[in-house]
Amino acid sequence: MAQEIDQRRSARCAVDLFVEELADDTSKLHPAVNLSEFGIYLLMEDSRRAIDVQRLVRIRFKLPSGPTIETQGRIVHVDDHRGQRGVRIAFDGLEQDDSHALKTFVNSQLA
């Protein structure tokens, strides 16, 4: 039997928070499932089916332990998560302070 290899760059933790997707003059709230220093997994009600790594998605969310993170990312994975659309977003251009805050938060949740 082949052993499954986890190719994630960093640890992920489960989260219970909402992420605001910012687009033009509108915004949508999406529940987050998990979070790492490098990305976030969201549930979305729209019908995104394709990975579009060329399109940047602007998002904003508040960590339970501190700062509000506002950044952008690229959709790198789309799937179904318990009957809902799941979208993994890889952060792109995350500020150093935000990266540190994410790493600290994730590590504290996994401790």
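Here the structure is a predicted model, which means the values were calculated and not measured.

The rules behind these values
- Residues numbered from 1 in each chain as written.
- Predicted model: local features only at pLDDT ≥ 70, side-chain atom pairs only at ≥ 80, totals over all residues.
- Heavy atoms only, no water.
- Helix = DSSP H or I, 4+ residues; strand = E, 2+ residues; numbered from the N terminus.
- Buried < 20%, exposed > 50% of the residue type's maximum accessible area, 1.4 Å probe, protein only.
- Contact = heavy atoms within 4.5 Å.
- Lys, Arg positive; Asp, Glu negative; His and termini not counted.
- Salt bridge = Lys/Arg side-chain N within 4 Å of Asp/Glu carboxyl O.
- Polar contact = N/O pair within 3.5 Å; in protein donor to acceptor, adjacent residues only side chain to side chain.
- Expected span 1.5 Å × (residues − 1).
- Arc of directions from axis to C-beta.

(A) Local environment of the environment of Gly86. Tracing the sequence through the fold places Gly86 in strand β6 (residues 84-92). Taking relative accessible area as the criterion, Gly86 reaches 0% and is therefore assigned buried. Along the sequence, Gly86 and Glu45 sit 41 residues apart, while their C-alpha atoms lie 9.0 Å from each other. Look past the residues within four positions of Gly86 in its chain and what remains in contact with it is Tyr41, Leu42, Leu43, His77, Val78, Asp79, Asp80 and His81.

(B) Looking closely at the side chain of Glu37. Within the secondary structure, Glu37 is located in the loop between β2 (26-35) and β3 (39-44). Lys103 provides the closest opposite charge to the buried, unpaired Glu37, separated from it by 4.5 Å. Separated by 3.1 Å, the side chains of Glu37 and Ser99 make a polar contact. Those residues in contact with Glu37 that sit more than four places away from it in its chain are Ser10, Phe91, Leu94, Ser99, Leu102, Lys103 and Val106.

(C) Structural context of the side chain of Ser36. By the secondary structure assignment, Ser36 is in the loop between β2 and β3. Only 3.0 Å separates the side chain of Ser36 from the backbone nitrogen of Phe38, close enough to count as a polar contact. Ser36 has contacts with Ser10, Ala11, Arg12, Phe91, Leu102 and Val106, leaving out every residue within four places of it along the chain.

(D) Geometry of unusual backbone geometry. With phi around 50°, Asp24 is a residue other than glycine that occupies positive phi space. Looking at where Asp24 falls in the secondary structure, it is placed in the loop between β1 (13-23) and β2. Of note, the phi angle at Arg82 is positive, near 50°, even though the residue is not glycine. Considering the arrangement of structural elements, one finds Arg82 in the loop between β5 (68-81) and β6.

(E) How the structure looks around the environment of Arg58. Inspection of the secondary structure puts Arg58 in strand β4 (residues 56-62). With 35 residues separating them along the chain, Arg58 and Ala23 place their C-alpha atoms 6.9 Å apart. Those residues within four positions of Arg58 in sequence are excluded, and the remaining contacts are Glu20, Glu21, Leu22, Ala23, Thr71 and Gln72.

(F) Molecular detail of helix α1 (residues 96-110). Taking 1.5 Å per residue, 15 residues should reach 21 Å; α1 reaches 21 Å between its end C-alpha atoms and fits that length. Of the positions making up α1, those classed as buried are Asp98, Ser99, Ala101, Leu102, Phe105 and Val106. Projected down its long axis, α1 carries its buried residues within an arc of 160°, all on one side. Those residues of α1 that are exposed and angled more than 90 degrees off the buried face are Gln96, Asp97 and His100. Its buried side turned inward, α1 meets β1, β2, β4, β5 and β6.

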